[in-house]
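# Descriptive structure summary
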Amino acid sequence: MADSDDASPAAGFDAELLLKQARAYLAFGAQIRQVADRFQDSLQQETDWNSAVRQQFEQFKDAITQSSNDPGVNPELAQLSTVMVDAWQQAALALQLPIAAPTDRNSVAWRAYQQTQHQYFDLLQQAAGQALDLMEQRLRERAIAGETISNLRELYNLWVACNEETYGQMLRSAEYSALSGRLLNALLICYPRRETTT
Amino acid sequence: MINLGPDQITAELRTFADRLAQGAKTLGDLGEIETGVSPRDPVYQEDKLTLYRYQPRVTELHPIPLLIVYALVNRPYMMDLQEDRSLIRGLLDAGVDVYLIDWGYADAADRQLSLADYVHRYIGHCVDHLRESRQLAAINLLGVCQGGALSLCFAALYPEKIRNLVTMVTPVDFHTPDNLLTHLIRHIDIDLLVDTLGNVPGQVLNFAFLSLSPFRLAGQKYVDVVDILDDARALKNFLRMEKWIFDSPDQAGEAFRQFAKDFFQQNKLVKGEVMIGGQAVDLRKVVMPVLNVYASQDHLVPPAASKALAGCCGSRDYSELCFRGGHIGIYVSARAQQEVPPAIATWLLARQETSKKGRKTAKRRVRNP
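Residues numbered from 1 in each chain as written. Chains lettered and ligands numbered in written order. Predicted model: local features only at pLDDT ≥ 70, side-chain atom pairs only at ≥ 80, totals over all residues. Heavy atoms only, no water.

### Thoughts on the sheet that holds strand β7 (residues 139-144) of chain B
Residue and element names in this part refer to chain B. What counts, and what does not: Strand pairing requires that DSSP identify at least two bridges connecting the strands. Secondary structure elements are taken from DSSP: a helix is a run of H or I of four residues or more, a strand is a run of E of two residues or more, and numbering for both begins at the N terminus. Lines fitted to C-alpha atoms define the axes here, with helix axes fitted over just the stretch in contact, and angles between the N-to-C directions of these axes take values from 0 to 180 degrees.
Spatially, 8 strands are ordered β1-β2-β6-β3-β7-β8-β11-β12 in an open sheet, and the strand pairing comes out mixed. Strands at the two margins of the open sheet, each flanked by one partner only, are β1 (40-46) and β12 (318-323). For this sheet, the mean angle separating the axes of adjacent strands, direction not counted, is 20°. Across 4 bridges, strand β8 (residues 162-168) lies against strand β11 (residues 290-295) in parallel orientation.

Put into structure tokens, the structure is as follows:
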């Protein structure tokens, strides 16, 4: 895919590397989500907040270490992330940050909401991945037409346009309509009802 | 493919940062962001509602006043945003005597307000106030978006009180395939929503609107604003619009419940099944002249949703005006100022003269009245 004339590192910008990093970023996001899910499990088993937070951050750092083994991920960046997670952990423990949950975190309703939220994020992530595929396709089309992207804003605008397109397709799907409805309903069930239907 | 070097990226980011820094000064000097520019006077008040009359800008006024019924979901100053972007000012300049209902901000005390309250009581009382104060049997009504749907309900229930009806970007058929809002609301348990939240927070609706195009509306728009940070006038225009977008009143719970279920989910308006305070809304009873104004690129109320009115209202004098633009552009774009208010005023004036002559008009479909 790399164009030897204007997309090689020598020319300053490698489009293939850019897209690869963007995909790695999405994959990293997915790993963080898995860790967050496991955090909910540990909260169920652990009544001590500090201990639960400590466990959570240890899992987080493990996930980062694993992801740094991926050849697509910059190891220095992964190391930097580990340092940041350390800082977050210290801050969270110092501040005793509570997780704002609308109701009992162990309740069936809350678990059902999280499950639906998981499906919702999967769909969003799918659309984001498709946007990168589309961006790659658009970049190829431009290359064939002899057009180049010559500033960051143009690159950003292309990213926005591709995301809007794939997000819009997702938004218009019957699956999204049903899932977003279920997500809101599942969240609402977690809250106490003020009154019954009139 | 991508012709960007480190030096160029650094330079671009530096320019961006410089503009941001300069922008902080422009922002600091802007002062208050004012909206709603045309002078007006309150003439009637009930609960949180205020009926305003706009001060005329010409000496010879149309004898039949025009009452504007705006949507409940946003603030009506969009109709009078600034001097050069004001549909109301355009109507005033064309000699229309303009009144507007400001619904105010619903709070916990309004939780039980129903559509019956909004249609029979609030719109009804404003219409009656004008009829009595002006000693007229009927007045002109202009409904905007959701306010258009409410105006249609009122006109169907009290046809004798409305001389001419103008609907702007008004949904009638909520189940056209391109209706994104219906698509999003279709699977929501509205009873659960209202029973849980009471009034529906304006920011919930705002989030729904922004979620239709999140990368543009929540990201790109704010990156682009950096380009105008050195232009106080352009920045003020931008912030005025931002103020309007995020100035979202909460929705009275019961009214929201019925509107969401009956209009969006079950599409009862077009089927003639909506009940307002125990009375059926039959659009065939909308027999007065109707001007239906819609926007060809409306992403919230698709043209097909508005144009469905042609097939279900009872008017023998039905016209359409298609504005080439979007749901917001129809109020604030430069072209809208030139096209929309004069077209509405001309259409109203023609019906006033028609009425004087007592002439019956044949049912017709007109693109640009």
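### Focus on the interface of chain B and chain A
Counted only if it meets this: Whether two residues touch is decided by their heavy atoms; if any such pair falls within 4.5 Å, the residues are in contact. Once two parts are joined, some of their accessible surface, as seen by a 1.4 Å probe, is lost; buried area is that loss totalled over both. Take a side-chain nitrogen of Lys or Arg and a carboxyl oxygen of Asp or Glu: if they are within 4 Å of each other, that pair is a salt bridge. For this analysis, a polar contact is any N or O atom pair within 3.5 Å, provided that within protein one partner can donate a hydrogen and the other can accept it, and provided that sequence-adjacent residues contribute only side-chain to side-chain pairs.
If you look at the interface, chain B gives 40 residues, while chain A gives 48 residues. Overall, the association of chain B and chain A removes approximately 3,900 Å² of surface from exposure, summing both partners, and the carbon and sulfur fraction of that is 58%. Per-residue buried area on chain B facing chain A is highest for Met1, Ile2 and Phe215 of chain B; these three make up 25% of the total on that side. The interface formed by chain B and chain A holds 2 salt bridges in total. Here Asp224 of chain B makes a salt bridge to Arg153 of chain A, at a shortest N to O gap of 3.1 Å. Between the two partners, chain B and chain A, sit 18 residue pairs in polar contact (both at pLDDT 80 or more). Broken down by element, the residue count for the side of chain B that touches chain A peaks at 7 residues, all from helix α8 (residues 214-224) of chain B.

### Notes on the pattern of salt bridges
Residues and elements named next belong to chain B. Stated precisely, the cut-off is as follows: Relative accessible area decides the class of each residue, using a 1.4 Å probe on protein chains only: under 20% of the type maximum gives buried, over 50% gives exposed, and in between gives partly exposed.
The full count for this structure, using the stated rule, is 32 salt bridges over all chains. Residue Glu242 is joined to Lys221 by a salt bridge in which the shortest nitrogen-to-oxygen separation is 2.5 Å. Taken together, the residues span a long stretch of sequence, with Glu242 in helix α9 (residues 232-246) and Lys221 in helix α8 at a distance of 21 residues. You'll find Glu242 and Lys221 in the same group, each marked buried. A salt bridge links Asp317 to Arg351; the shortest N-O distance between them is 2.8 Å. Of this pair, Asp317 sits in the loop between α13 (309-312) and β12 while Arg351 sits in helix α15 (residues 334-357), placing them 34 residues apart in sequence. The residues Asp317 and Arg351 share a single accessibility class, namely buried. Salt bridges sharing common partners tie together Arg111, Asp191, Asp195, Glu254, Arg257 and Lys261.

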